[in-house]
Every structure is written in structure tokens, then in C-alpha cells.
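# A look at the structure
The lines below spell out each chain.
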Amino acid sequence: MTPATLTPPRNEEHTAPAPLRTRRRRLFLTPYVFVAPFYVVFAAFGLYPLVFALQLSFTNWKGAGEARFIGLDNYTYLLTSPEFWASLGNSAVMWLLIVPVQIVGGLAAAVLLANARLRLRGMFRVAFIAPFVTPLVAMAQVWIVVFDSDYGLVNHLLRLVGLPGVDWLTSTTWAKPTLALLFLWKTTGFAIIILLAGLQAVPSDVYEAAALDGASRRRQFWSLTLPLVRRSIAFLVVVQTLAVFQMFAEPFVVTQGGPYGSTTTGGLYLYNHITASDLGTGAANSFLLVLLVFALSLLSVRLLRSRDE
Amino acid sequence: MKHKSLSQPRPGPLQYVFLAGLAVLFVYPIWWAISSSLKPPNEIVRAPLSFSPGSATLHNYQAMFHDVPIGTGFLNTVLVVVVKGALTMCFCPLAGYAFAKYRFPGRHLLFGVLMLTLMLPTLVLIIPLLLQMSQLGWVNTYQALILPGSIDAFSIFWMRQTIAAVPDELLDAGRVDGAGEFGIFARIVVPVIRPGIAALGVLTTMNIYNDFVWPVVAVNDESHQTLQVVLSTLAQNVTGNRIGADFGSVWGELLAAGSIAMLPVLLLFILLQRHFINGILAGSVKG
């Protein structure tokens, strides 16, 4: 095979292919060994508890004592419980306060950041991501202090300009928006980075061609930019829908679900079954919440899929 | 240059104002928390806006260290980050390598299962896992904090994408030189994908350090609480006792604890920005 004019190959190169094949056969197990740890951990701490919990969701188990089979009672209890629906309603309101604002605001910031002629871009990017890396619990503490009705920073500022203070965390009207603001503050940088990457994947000559054809900036945004980042938007909507319906730490630390249950989200309501030792109902609630979250992500993927896909 | 000016106009002052305003909104709460934690307690309540470096004091930190088991929390978090992080960093790239470079029977099925687990919301597992932990007698143990979720599907998927880009010729060259299968991974693949490994490292560290939902459920005794759980206990004590509370001192401790918890990740982020951003972006690939 090797032309005689080349330097003669070293001995191993001739003999290598044969042992390679036998060794491959001998090492048939290698890839299985490499992937095994994940499946062991998943089987032990994913699949097993799921099956166990599914079984428990049909019992009245309270964390101790005998578990009695009660059929679908936990599910019918939840589906007819006003508290369960209220927790989903609270999450839905949070969703409305968060996701549209984040997508529109994040897209505006990302479009500006995508401009190659923008100065200080690195600095802006660092500023936007900083909230995303800080621990949520630590920032939830800051929210308690900043939005306190009596001595908080925000009401201090309002009073400075002659406005009355607001009960940010202790009124049913304002508690949800104030927690939504914490969520927005924490995760909008993530949205900006994802959208920015989507925008930068759009080749610049597409815009040049459009500009040469006389398309206005506004026209370019609606008919070029938006369709091209639709995948990034769809991804964000799915991820944030999952996150909002599972929201837990924000209300747990800042409001404990109050006032009057107005910030008891789907996630916090689920957790409350643990404190109440009502684990059978809690397991049933987990499965209902997951079904809902799955349905919502499927729906948003459907709605955001472009007509031509 | 001419092309550039056609497609991208110079940003106007209004656009800078918008971005700068947003940047201030994002960074100011962090700055406010850290600077306020250094103020004398009565100043936090009386003059929340002012900060003079001259009157900076560690009073709040001393009080907080005295009242809050934050040292224990920090050590527990470090332990969990190190052990759980090591499990992720060892086994996820290895599994990613197997999925990227080996053809073996059942590969598609196994990978399909992996992708399915990716869609499982964290929250659905909380109660089932807690039940399992109590069955095993693992509530309030380190293994409960470390093992569940220690080798995660997303990191494997990410590493598979990264390793798939490594040319096969490089691996074959290693085989010809007589390297074993693990040797090829450790001595050829890992050095080539070092930036990806670094991004996985910082993101894993950040995620485990900030993790809250599972630790708060799995652990309820002080000696096993992670830092984030210690913080949340402190916050609940504060919001639960408003009557007659000395807000300056209580908030001073709260802000001191929060600032201490923020500092390690913020430093890591400032030093390793590029890896953080790569890590965050990798997350969007799964969409």
C-alpha cells in the first residue's frame, strides 16, 4: 500500500490493525463500563423513588405507621381542593408577570449587545450575568430587607420623592410582583446570554442583503431577526415555564407563601405536604404537577414552532 | 467597514442609557447588600442610601459569626461541592466519551433514556427521594446530600457534544501507540477538550454551591446544614420575629451572612467569566 519511495513504515504500523480489532472485541464491555455510573445512580436515586412514590400516591401514608391503599383518593382530593388550584393560579399569575417581560426585555438588551460597534460590551455582559451566579437564598434575604414596608430601601426612596410607601411583601396585591421581580432580576441575564448567542448565529450578510434591498431597521427586526431567534425564544419559554411552576426558594425564604397564601406557588404547596407529613398526597401532587409542566412545555413548543417548520 | 456601517449603525445615546440603566439595576442590589453589611447596624435602617468607607465596620460579621452556625454550613457546602463535584467531573466526561466515540449495541436506547431523564423536573423527585432517604435512614447524612443527582444527564449530554468534535484520527493514533481505552480518554481526549471541562467545572461548582431545594428537604439538623440552608433558617427567624426586633442588628447579620455566601461565587465568576458564559450557553444546546 505504501509507495516504495516513501520511508519504510515502522514495524508496529503494519501489525497494529490486527491486534486493534481483537482488542476492540475483547474490550466490548468498555463503553458499558464508562456509561454505567450514570445508570446506577439514576436507577437508585431516580427510577426507584419514582416507582415507590407512584405506589405511595395511592395510599394514605403519613410518613410513619401503616400505609393503606386508598385508590385515587389523593388525586381526587387534590383536584377538588381549592388550595391546590390556588397554588396553580398563583404560579400562573407569576408566569404572566415574568415570562413575557423577560423575553421582551431580554431581547431588547440582546439586540443592543449584538451590535459589533457597541462599546463596553464585556462590562455590560458581566453586569447582566452577575445576578445569575449569586446564590438565590442570599438574594432572597436582600429582598426581605430592601422591600420591607417600614425601613426598606425601596420605601425609603419612595418617601424621598414624596410618595407613600407600599406594603411590598405583606399585601396580597404586591407580594406576587415583588417575588416576580426577584425571579426576573436573578434570571434575565441568562435569557440575554441565550438570546445573544441566537442573534450572533445569524450571518451578518443576511442583514446586509436586506439593507441593500431597502428594508427598514424595524422591518429587518420583524422579518429577519425575530424568526431567526425563534428557537432561542422557544427554548427560554420552556425552561422558564418549568422554573416558574416549580418556583420554591423565593416564596419559601421571603414570604413563606403569605400573605394569605398569595405567594404559595405550585412548588411551595408541594413542599407543604412534607411539613404536614402528608406524604401520600404529596406524592400525588408531584405527579399532577409534572403532568401539568409537561403539558405546558409541549404547548409552548407547539405555539412557538414556526409555521414552516 | 462600509459593509459594517450598512448593517450595524453606531448605537445611539438612548441605547447606552438603556443598557447602563439595566446594568445598574442588576448590579446595585449586590453592591448595596455588601456595602450595607459593612455599615454600623443603626445606619442600615436610618440611612439605607449612604455608604462611607470611612465608617466601615465588621461589627455585623462578628455578631453573625457569634449567632449563626455559618462556619459549619460553609464546611458542609465545601464538602458537598468537592465530593459531588468530583463525581460529576469524573464520570460525566467519561460517559460522554463513550456515547460520542463508541458504537455499541443498545447505545441509542441508553442515550434515549438519558435524554428522557433530562426532562424530569427536579421537583417531582423531591418527595420520592425524601421517602427513600427516610427508608434508608439517610435523612441528615452527607450521602443524602451528595449521591442523588451526582452524575447528571445534562453534563453527560454536554460532554458528548464536546467530545464528538474531537477527530477520530487522534484517538486512532493513540490506539496505534498502544494506549489503553481509559488511557486514550485521560491522555488524549481530556487535554483536547480542556476548555469544555473547565466550563463544566465552574458550572457544576456554582450549581452545587447554590443548590437549595434538595438540601433544605434532606437535612434538618444543624450539623449537616449547607450554607444555603443556614441562610434560609436565619431569614425565617428574621421574618418571623418582627415585634420588638432591633432591625438594624438583625438585618446587619442577615446582610453579612448573605454577602459572605455571595463572595466565593462572585469571585469565581469574575476570574473565570469566559468559562461561565460557555457553560451557560452549553445549556441552550439541549433545547
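Residues numbered from 1 in each chain as written. Chains lettered and ligands numbered in written order. Predicted model: local features only at pLDDT ≥ 70, side-chain atom pairs only at ≥ 80, totals over all residues.

### Re the overall build of chain A
For chain A, the count of helices and strands is 15 helices and zero strands. Residue burial in chain A is summarised as follows: out of 309 residues, 40% are buried. Of all intrachain contacts in chain A linking residues separated by at least 6 positions in sequence, the fraction that spans at least 24 positions is 69%. (Helix = DSSP H or I, 4+ residues; strand = E, 2+ residues; numbered from the N terminus. Buried ≥ 20, exposed ≤ 12 C-beta atoms within 10 Å, placed from the backbone. Contact = placed C-beta atoms within 7 Å.)

### Things to note about the overall build of chain B
A count of helical and extended segments in chain B gives 16 helices and zero strands. Computed over C-alpha atoms, the radius of gyration of chain B comes to 24 Å, more than 25% over the 19 Å expected from 2.2 N^0.38 for 287 residues, which places it beyond the range of a compact globule. By principal-axis analysis of the C-alpha atoms, chain B measures approximately 75 × 70 × 35 Å. Looking at chain B as a whole, 40% of its 287 residues are labelled buried. Within chain B, residue pairs in contact and separated by at least 24 positions form 79% of the contacts whose partners lie at least 6 positions apart. (Rg over C-alpha atoms; globule rule 2.2 N^0.38 Å.)

### Things to note about the domain arrangement of chain B
Residues and elements named next belong to chain B. Taken domain by domain, chain B comprises domain 1 (2–63) and domain 2 (64–285). The partner domain 2 presents 15 residues to the 13 residues of domain 1 that form the contact. Of all elements in the fold, only α2 (13–37), α3 (41–46) and α4 (59–67) reach the threshold of two or more residues within the side of domain 1 that touches domain 2. Considering each element in turn, the side of domain 1 that touches domain 2 owes the most residues, five residues, to α2. Per-class residue counts for the side of domain 1 that touches domain 2 are eight nonpolar, five polar and no charged. (Domains from an automatic or database assignment. Nonpolar A, V, L, I, M, F, W, Y, C, P; charged D, E, K, R; others polar.)

### Section: the interface of chain B and chain A
On the chain A side, the residues contacting the 81 residues of chain B number 83 residues. In terms of residue count, the dominant contributor to the side of chain B that touches chain A is α2 of chain B (eleven residues). Split into classes, the residues belonging to the side of chain B that touches chain A amount to 60 nonpolar, 17 polar and four charged.

### Section: the nonpolar core
Formed by 153 residues in total, the largest nonpolar core has its most connected members in F38, A140, W143 and I192 of chain A together with A95, L231 and A257 of chain B. Ranked by residue count, the leading element in this core is helix α9 (residues 175–200) of chain A, at 13 residues. Leaving out residues up to four positions away in the same chain, A95 of chain B has contacts with F34, V35, P37 and F38 of chain A together with I156 of chain B. (Core = buried A, V, L, I, M, F, W, Y, C linked by C-beta atoms within 7 Å.)

### Quick look at unusual backbone geometry
Residue and element names in this part refer to chain A. Put simply, G258 and P259 share a cis peptide bond, and its omega is -10 degrees. The residue P259 is located in the loop between α13 (249–254) and α14 (266–275) in this model. At L120, a position not held by glycine, the phi torsion is positive, near 60 degrees. With respect to the helices and strands, the residue L120 is situated in the loop between α5 (82–113) and α6 (121–133). Under the C-beta neighbour-count criterion, L120 is labelled exposed, with 12 such atoms within 10 Å.

### Points about the confidence of the model for chain A
Residue and element names in this part refer to chain A. For chain A, per-residue confidence averages 85 on the pLDDT scale, and 90% of positions sit at 70 or higher. For chain A, helix α1 (residues 11–15) is the element with the lowest average pLDDT, namely 42, and α5 is the one with the highest, namely 95. Predicted confidence is poor over residues 1–18, with pLDDT under 50, and the contacts of this stretch with residues over four places away or in other chains come to five contacts. (pLDDT = per-residue confidence, 0-100.)

### A word on the domain arrangement of chain A
As far as domains go, chain A holds domain 1 (12–56) and domain 2 (77–304). Here the C-alpha centre of domain 2 of chain A lies 39 Å away from the C-alpha centre of domain 1 of chain A.

### Here we look at the confidence of the model for chain B
Residue and element names in this part refer to chain B. Taken over all residues, the pLDDT of chain B has a mean of 88, while the share at 70 or more is 96%. Confidence scores differ between elements of chain B, with helix α1 (residues 2–7) showing the lowest mean pLDDT of 46 and helix α5 (residues 70–101) the highest of 95. In the predicted structure, residues 1–6 sits below a pLDDT of 50 and forms four contacts with residues beyond four places in sequence or in another chain. As a predicted assembly, this complex carries a pTM of 0.88 together with an ipTM value of 0.89.

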